[in-house]
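Observations on the model geometry
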Number of protein chains: 2
Amino acid sequence: MKKILVGQSGGPTAVINSSLYGVIKEAESRDCEVYGMVNGIEGFLEDKYVNLTEKGGEVDFELLKNTPASYLGSCRYKLPENLNEIVYRLLFEKFVKLGIDIVLYIGGNDSMDTVDKLSRYAHEIESDIKFIGVPKTIDNDLVITDHCPGYGSAAKFVAGTVRDIVWDAGVYDRPVVTIVEIMGRHAGWLTAASVLARTEHEFNPFLIYLPEIDFDLSIFLRDVKDALTKSKSVVVCISEGIKDSAGKLICEYEDESTMDQFGHKMLAGAGKVLEHFIKSSIGCKCRSIELNLPQRCFAQMASTTDIEEAEMAGRTGVKHAINGQSGSMVALVRAKEPPYQISFEMVPVTDVCNLEKKFPTDWIKRGNDIGDRFVDYVMPLIQGEHQVEFEDGLPKLLRPIYR
Amino acid sequence: MKKILVGQSGGPTAVINSSLYGVIKEAESRDCEVYGMVNGIEGFLEDKYVNLTEKGGEVDFELLKNTPASYLGSCRYKLPENLNEIVYRLLFEKFVKLGIDIVLYIGGNDSMDTVDKLSRYAHEIESDIKFIGVPKTIDNDLVITDHCPGYGSAAKFVAGTVRDIVWDAGVYDRPVVTIVEIMGRHAGWLTAASVLARTEHEFNPFLIYLPEIDFDLSIFLRDVKDALTKSKSVVVCISEGIKDSAGKLICEYEDESTMDQFGHKMLAGAGKVLEHFIKSSIGCKCRSIELNLPQRCFAQMASTTDIEEAEMAGRTGVKHAINGQSGSMVALVRAKEPPYQISFEMVPVTDVCNLEKKFPTDWIKRGNDIGDRFVDYVMPLIQGEHQVEFEDGLPKLLRPIYR
């Protein structure tokens, strides 16, 4: 009977717990025992872990599929570059003490870096412990994999919420600009999903700006003025990380004198900066909306495609680890031709970590719009609605392990 | 066959279209013809209206129940105090020309003022046209009625979203303060609903501040520090309209020097102000989240109780108008004893308009928490989930009339 240790790391997604569910269920079907790190590798270093196989006797893990946040807790902990640092020895002592054969780490870029370092260290000390990465991120910025579990649900939330905002913003018969700020510091994948808010009778969001294209205030002003000639209500979607040609973030465009009364600089986001810019340069009504945390934690609007793929990613990791793979990440590979179909393959994690997959600039139109190739890419990822169980008017959730 | 004119006014709610649905369906069952003002009374003054009875032959009005925003468009238009102003004569000429017998206006405080003035003018000129108000507001601040259609769905959204945020904010094992800013300039009803995010194992949101209690920065700091001794993650919910004992809004607490580079004052909301205050006075990680427009337009999370009551409010208005009532608003009256039951009665609109129902201060605990009496009050209002029809991964909506 193999012993598996699983952890969750980095920012949560709506389906990071579905991957955990996949790990637990696949392990169960293969008679493995599963332990969970509490608060990732950082918590495990403090001997915080839990026996999930035993826990499964007490709670209903099916609820993981609509429970937001990270059931096991999370961390942001970067292992040192130097494999001679003591932390590696400490970790492996703990792995060995617990009798761990396989470590699965569910996370994004930094987490894959952790998997890479641990598997390299294992190789160095000739340990037999296998290390596998299971991808998750709403940013969709991991290379090689077609997309990342977590992205589809976030894209569905962004598309639906932006459409609601578009409809709400248009009810008054007067000029109004609405700026929606969407997560994504370096890659515009999530912001691009706002294009799905369009319908045949409603072109909003008229303008979509990603960090992959240099942002220019004067072009922006021209774009907005032009859009206002076509529609009284203009909705603009921007990535939080848009920046100018000098590399300066738009959210840093406030005057140096903007200190609050507590002596701190009032960084308020790119949306707020552009709201003030529109008010002062055009003078029409303008409001900015930051979609914020619900983009990654609104599990109620998760796509079933995403939930199922997240689960399969977890299952695939277990399967290949048992077959002896290590230093690998589960990648989603899309069939070359429609209909949409995904196979799950293993790729070297060293080819994934510390790289970023940017939004393809040839999928961007005129610097302010998204083309049909992206719509074809993203549409399958947002399909399907999860039937959430309700209790007292709210979704029934599974209580996190760290509470 | 009577002719009914219906309008929607003020900010939308998730169920303002359910009230419209009720008006249309009740009118249909009584062989009345229904016209809709486009963009409320302001649009009607410009002869913008539509024959909804005819429209019903083309589109599926059932979709109104999950369509956000105002199907007919909206306005913010206050009729003059002086009934001798020409606008009254103009409006009644248009009513008469169209052969209108009944005018129903779906809206909040200002809209009830419109109903009041129009019915008083009708009385003055001895017109037989009946004027009825159908309440809607997420603020829940209309007097006499137990609650307002629109509030229950917004409360359900706030409760569910705050709980998601609470769970997400707690995944890291380090001190963090999360401030959630909720709509409500003068009344704390919607912010109070955040108390429903609590579960038996999770006390967050630890602190809830409404505009009904003077806000004091030093007490706030003491409260947050105290909460941080009990939980590493502290979530605070505030109404956008919290103000100090001198009546100054907390969102205006920025230094006068906080001008942006375009020369405008950077008003960024009370949440942002408190985020900076916590960062500078405690120094821990702090983030603020403004729930913003989705509170009123996220139709996908509407409560069926709210949808059904909104529809009944519309139906009740039609019924009583046909029976000759005028100058009245539909009020929801709750049975004195459980189980929860609502009857729909007519009350003089003049007793409702231009008044505000504040959150009862004896339902507030220690100035920073909400008591069980409110939980008993609000719990029935968020019950029931609407089965939304999906198309291409997003809810299927009815295209607004003004597009």
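Our subject is the structure listed above.
Heads up: these notes are all about the structure in this document. Keep in mind that what you see is a predicted model, and the values were worked out from it rather than measured.

About the cut-offs
As a convention, each chain's residues are numbered from 1 in the sequence order in which they are written. Here chains are named by letter from A upward and ligands by number from 1 upward, in the order in which they appear as written. In keeping with the predicted nature of the model, local features appear solely for residues at pLDDT of at least 70, side-chain atom pairs appear and are counted solely at 80 or more, and the whole-chain, interface and lining totals rest on all residues. Processing note: side-chain calculations cover all non-hydrogen atoms of the structure and skip hydrogens and water entirely. Only the stretch in contact is used when a helix axis is fitted, and all axes are lines through C-alpha atoms; the angle between N-to-C directions ranges over 0 to 180 degrees. Runs of H or I in DSSP of at least four residues are treated as helices and runs of E of at least two as strands, each being numbered from the N terminus. Any angle from 65 to 115 degrees is called roughly perpendicular, while one under 35 is roughly parallel, one over 145 is roughly antiparallel, and all others are oblique. The contact criterion used is simple: two residues touch if any of their non-hydrogen atoms lie within 4.5 Å. Classification used: nonpolar for Ala, Val, Leu, Ile, Met, Phe, Trp, Tyr, Cys and Pro, charged for Asp, Glu, Lys and Arg, polar for all others including Gly. Multiplying 1.5 Å by the helix residue count minus one yields the expected span of that helix. Buried, partly exposed and exposed residues are distinguished by accessible area as a fraction of the type maximum, computed with a 1.4 Å probe on protein chains only: under 20%, between the cut-offs, and over 50%, respectively. Fitting of the copies onto one another was done by least squares over C-alpha atoms, counting residues only where both copies have pLDDT of at least 70. At least two DSSP bridges between two strands are needed for those strands to be called paired. The criterion for an aromatic pair is that two Phe, Tyr or Trp rings (for Trp, the six-membered ring) have centres within 6.5 Å, with stacked assigned to planes under 30 degrees apart, edge-to-face to planes over 60 apart and tilted to the rest. Take a side-chain nitrogen of Lys or Arg and a carboxyl oxygen of Asp or Glu: if they are within 4 Å of each other, that pair is a salt bridge. The set of buried Ala, Val, Leu, Ile, Met, Phe, Trp, Tyr and Cys residues whose side-chain atoms join them within 4.5 Å is what this entry labels a nonpolar core. For any pair of crossing helices, the crossing counts as left-handed if the nearer helix is rotated counterclockwise from the farther one by less than a right angle, and right-handed if it is rotated clockwise.

1. Let's talk about the packing of helix α4 (residues 86–98) of chain B against helix α5 (residues 109–124) of chain B
Helix packing for two helices is described by the angle between their axes and how far apart those axes are. Residues and elements named next belong to chain B. For the pair α4 and α5, the least separation of the axes is 11 Å and the interaxial angle reads 80 degrees. Classed by the angle they form, the pair α4 and α5 counts as roughly perpendicular. Contact residues: Tyr88, Arg89, Leu91 and Phe92 in α4; Lys117, Leu118, Tyr121 and Ala122 in α5. Residues of the contact of α4 with α5, tallied by class, amount to 6 nonpolar, no polar and 2 charged.

2. Overview of helix α11 (residues 304–322) of chain B
All names here are of chain B. Given a rise of 1.5 Å per residue, 19 residues ought to cover 27 Å, and the 27 Å separating the end C-alpha atoms of α11 matches this to within 8%. Among the 19 residues of α11, 14 are classified as buried, and the element is accordingly described as predominantly covered. Of the residues one or two after α11, Gly324 is the one with positive phi, at around 105 degrees.

3. Observations concerning unusual backbone geometry
At the junction of Pro338(A) and Pro339(A), the peptide bond is cis and its omega measures out at 0 degrees in the coordinates. Summarising the element assignment, Pro339(A) is placed in the loop between β10 (328–334) and β11 (342–348). Phi angles above zero are rare outside glycine, and Asn354(A) is one such case at about 65 degrees. Position of Asn354(A) among the secondary structure elements: in the loop between β11 and β12 (364–365). Owing to a relative accessible area of 48%, Asn354(A) belongs among the partly exposed residues under this scheme. Not every positive phi belongs to a glycine, and Asn140(B) is a case in point at roughly 60 degrees. Here Asn140(B) is to be found in the loop between β5 (130–135) and α6 (151–169). For Asn140(B), a relative accessible area of 0% gives the class buried.

4. Describing the relation of the copies chain A and chain B
Mapping chain A onto chain B calls for a rotation angle of 180 degrees and an axial translation of 0.0 Å; the resulting RMSD is 0.0 Å. When the rotation and shift are considered jointly, the pair of chain copies conforms to a two-fold rotation axis. A symmetric contact is evident, with 100% of the interface residues of chain A recurring at the interface of chain B.

5. Examining the sheet that holds strand β1 (residues 3–8) of chain B
Residue and element names in this part refer to chain B. Spatially, β3-β2-β1-β4-β5-β10-β11 is the arrangement adopted by the 7 strands of the open sheet, whose pairing is mixed. Looking at which strands have only one partner, the edges of the open sheet turn out to be β3 (49–51) and β11 (342–348). Adjacent strand axes in the sheet meet at a mean angle of 25 degrees when their direction is disregarded. Lying on the sheet, α11 is in contact with β1, β4 (102–107), β5, β10 (328–334) and β11; it crosses β11 at an angle near 50 degrees.

6. With respect to the sheet that holds strand β2 (residues 33–37) of chain A
Either a parallel or an antiparallel arrangement is found when strands of a sheet pair, and the pairing is made through backbone hydrogen bonds. All names here are of chain A. On the basis of which strands lie adjacent, the open sheet formed by 7 strands has the order β3-β2-β1-β4-β5-β10-β11 and mixed pairing. The strands lining the two open edges of the sheet, one partner per strand, are β3 (49–51) and β11. Within the sheet, the average angular offset between the axes of one strand and its neighbour, ignoring direction, is 25 degrees. The pairing of strand β1 (residues 3–8) with strand β4 (residues 102–107) spans 5 bridges and is classified as parallel. Bridging across to β4, Gly7 finds its partner in Tyr105. Against the sheet, helix α1 (residues 16–29) makes contact with β1, β2, β4 and β5 (130–135), and its axis sits at roughly 175 degrees relative to β1, the strand it touches most. Contacting β1, β4, β5, β10 and β11, helix α11 (residues 304–322) runs over the sheet at an angle of about 50 degrees to β11.

7. Things to note about the packing of aromatic side chains
Residues and elements named next belong to chain A. Per the stated rule, a full pass over the model turns up 51 aromatic pairs over all chains. Their ring planes at 75 degrees and their centres at 5.2 Å tell us that Phe92 and Phe95 sit as a pair that is edge-to-face. On the criterion of helical spacing, the pair formed by Phe92 and Phe95 is a turn pair, its members being 3 residues apart in helix α4 (residues 86–98). Like Phe95, Phe92 is buried.

8. What about the pattern of salt bridges?
Inspection of the entire model under this criterion finds 58 salt bridges over all chains. With a closest N to O distance of 3.4 Å, Arg174(A) and Glu42(B) form a salt bridge. Highlighted residues: Arg174(A) in the loop between α6 (151–169) and β6 (176–182) and Glu42(B) in helix α2 (residues 40–45), drawn from two different chains. The class for Glu42(B) is partly exposed, based on a relative accessible area of 23%.

9. A look at the pairing of β6(A)
All names here are of chain A. Counted residue by residue, β6 has 7 buried out of 7 residues, so it is predominantly covered. The alternating pattern of β6 places Val176, Thr178, Val180 and Ile182 and Val177, Ile179 and Glu181 on opposite faces, both of which are buried. By the bridge criterion, 7 bridges tie β6 to strand β8 (residues 233–239) in an arrangement that is parallel. Bridge pairing in β8 places Val180 opposite Cys237. Here β6 runs beside strand β9 (residues 285–290); their pairing, made up of 6 bridges, is parallel. In the strand pairing of β9, Thr178 is matched with Arg287.

10. Some details on the nonpolar core
If you look at the biggest cluster of nonpolar residues, it comprises 94 residues, and the most contacted ones within it are Tyr151(A), Phe374(A), Tyr151(B) and Phe374(B). Contacts of Phe374(A), omitting those with residues within four sequence positions, involve Tyr151(A), Trp189(A), Ala192(A), Ala193(A), Val195(A), Phe359(A) and Trp363(A).

11. Re the packing of helix α1 (residues 16–29) of chain B against α11(B)
Residues and elements named next belong to chain B. Contact geometry for α1 and α11: axes closest at 7 Å, N-to-C directions at 45 degrees. Comparing the axis directions of α1 and α11 gives the class oblique. Every pair of crossing elements has a handedness; the one defined by α1 and α11 is right-handed. Taken together, the residues of α11 that come into contact with α1 (itself represented by Ser18, Ser19, Tyr21, Gly22, Val23, Lys25, Glu26 and Ala27) are Ile307, Ala310, Glu311, Gly314, Arg315 and Val318. Residues belonging to the contact of α1 with α11 are distributed by class as follows: 6 nonpolar, 4 polar and 4 charged.

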